[in-house]
Each structure stands twice: as C-alpha cells, then as structure tokens.
Amino acid sequence: MSADIAKLENIAKQVRRDIVRMVHGCQSGHPGGSLGCADFFVALYFHQMEHNPSFSLDGIGEDIFFLSNGHISPVFYSTLARAGYFDKSELATFRKIDSRLQGHPTTHEHLPGIRVASGSLGQGLSVAIGASRAKKLNGDDKLVYVLMGDGELQEGQVWEAAMYAPHNKVDNLIATIDFNGQQIDGPTERVLSLGNLKAKWEAFGWDVLETKGNNMAQLIETLSEAKNRTGKGKPIMILMHTEMGYGVDFMMGSHKWHGVAPNDEQLAAALAQLEETLGDY
C-alpha cells in the first residue's frame, strides 16, 4: 500500500470518528450514509480536487463540489474542517442552536465550503450542471463534482438533468452516486427499484464508471480515470458501491442507521473500532 493511500485512509478513520461523535453529541443526524461516504470525501478533498480552503463562493479557478444528499452533512463538515476550511472545534456545535453546522447544509449560515443549501433531494445534479456551464462561459477550465444518493434517484428532477447534460455536452462535470442500496424506509430494491443504473445512465448519454467506494486505492484510481475522461463531449457518472455504516460493525449494511444517533454504549463500541489518527475535536 502506497504512503499516500495509507495517509488518506488514516484521515478517513478520523472523519468516521468525527461522524459518530457529532451525531451522538446532539442525538440527531445521519451516521449511516456519512460513514459509507467517508472514503469518497477524503479522496476528493485530500487528493482529487484543486480547491482553496480560503473559501470563495464563486469558486473561480478551482474545482468545486456540491452535496445533493444533504442529510449526510456530518461527513461533509468533518472533511471541510479537517481540510482547513474552519476550525475542527466547531464540529462540537453540530445541529445545536445558533450553530453554522445545521443538520442539512445551508448557505445563509456562511459556512466555508458550502455553496448550496441541500436536503430537499433531487436538486444537486441540476445545480452542478448550472455551475459547469457557468465555468465554460467564464473560460474556467476547472471541474465540478456532485454527489447524490441512490434513493434520491427516485426524484423526477434527476432524470430531467440526466437528459440535459449530455444534450448540452456538459463534459466538465463528474457526478457520483452513493450506491448503497439503502434509504430511510428500507432497501431501495423494496421501496422503488432503481433497475440497471449503468444501462440507464449510458442510455441517457453519460460516460459511466463503477467503483468500490470503501476501497481507497480503487476510488483514487476511478476518480483519476473520470478526470481523464472529461472534455470529451460527455458528462461523467461514477456508480460508487458503498456499505451504509461502513467501519462500525453494528451499523453496516442496515437502513436502520440511516438517521439514528448512537447512545452512550453504542458510541463507545463504535469508537473502539475507529482509530484516532489526527486527534479528536
């Protein structure tokens, strides 16, 4: 394992500790999807994207990211803090009164790193496409990234955006779907089957890649390949297979941890499985 991969994995371990502590601290939030996406956020912010923690809302001359499935805000906030956007001590205010770290990210809190209010599902891809087109109009050659949840694909707006991007050759966009097969009410297959997502996105005209989202080395390789495929007339879609609750054995693979906070005993059990690598907040 290369030193870079090991370093990224250590950051992801700390992010996972942050997630369970944040959600426990306010007894509210969404640990399952946050834990599953920790590797992706770390790969994006500590390896893939060209970004500046001295935050500018316009993001001119840098890669920018939008979180569409805003309920997994714990992993987003932890990553931003660990990447230097704001002090990690602020993570202790998650979901508390007058905190900038709302349960779903909001722009009116002026939290560095947040470019769109999200939580109403199905909207992020449209926003990212708009930002991608703006970058082209401005002669900005940097990329736009967006993450969506798989259950979110049950929203019709996603498929309007899916048609729009290939038609308009939005080829400076890399979208990712957190494909964990779980949503708040149960498995996606039972709630509303998504069918063959690779075939669907390809039929809409996207260049589709698949990866294991809890394998850092494979994730880095896929993100690099996605970047190599930009600028060729098609938007890029990554189907990222993750496991909800990854890293905490009693949370893994169950929709029941979509939006439930651990109690004191469960927190202790979770932290025993997650190494402290960068120092807790």
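Before reading on, note that the structure itself is shown above.
First things first, this report covers the structure right here in the doc. (Residues numbered from 1 in each chain as written. Predicted model: local features only at pLDDT ≥ 70, side-chain atom pairs only at ≥ 80, totals over all residues. Heavy atoms only, no water.)

### Side note on the overall build of the chain
As a reminder of what qualifies: Only DSSP runs of H or I reaching four residues or more are called helices, and only runs of E reaching two or more are called strands; each is numbered from the N terminus. Think of it in three bands: with a 1.4 Å probe and only protein chains considered, a residue is buried below 20% of the maximum accessible area for its type, exposed above 50%, and partly exposed in between. In this description, contact between two residues means that some pair of their heavy atoms is separated by no more than 4.5 Å. In short, Shrake-Rupley with a 1.4 Å probe defines the accessible areas, and a residue's cover is counted only from the protein chains shown. Only four residue types enter the tally: Lys and Arg on the positive side, Asp and Glu on the negative side, with His and both chain ends excluded. Where a charge lies is defined by one atom per residue type, namely NZ (Lys), CZ (Arg), CG (Asp) and CD (Glu).
Tallying secondary structure elements over the chain gives ten helices and seven strands in all. Along the first, second and third principal axes, the C-alpha atoms of the chain reach 50 × 45 × 40 Å. Looking at the chain as a whole, 56% of its 281 residues are labelled buried. Nonlocal contacts in the chain, meaning residues at least 24 apart in sequence, comprise 76% of its contacts between residues at least 6 apart. Of the roughly 11,600 Å² of accessible surface on the chain, 49% is carried by carbon and sulfur atoms. Positive and negative charge centroids in the chain, built from 25 and 34 side chains respectively, lie 3 Å apart.

### Examining the packing of aromatic side chains
As a reminder, the rule being used: Stacked, edge-to-face and tilted are the three classes for Phe, Tyr and Trp ring pairs, Trp counted by its six-membered ring, which pair at centre distances within 6.5 Å; planes under 30 degrees apart are stacked, over 60 edge-to-face, the rest tilted.
Inspection of the entire model under this criterion finds 14 aromatic pairs. Ring geometry for Phe-40 and Phe-41: centres 5.8 Å apart, planes at 90°, overall edge-to-face. On the accessibility criterion, Phe-40 (1% relative accessible area) is buried. In this structure Phe-41 comes out as buried when scored by relative accessible area, which is 0%. For the ring pair Phe-41 and Phe-65, a centre distance of 5.4 Å and an interplane angle of 80° mean the geometry is edge-to-face. Linking Phe-41 in helix α3 (residues 38-48) with Phe-65 in strand β1 (residues 64-67), this pair joins segments that are 24 residues apart in sequence. What makes Phe-65 buried here is its relative accessible area of 1%.

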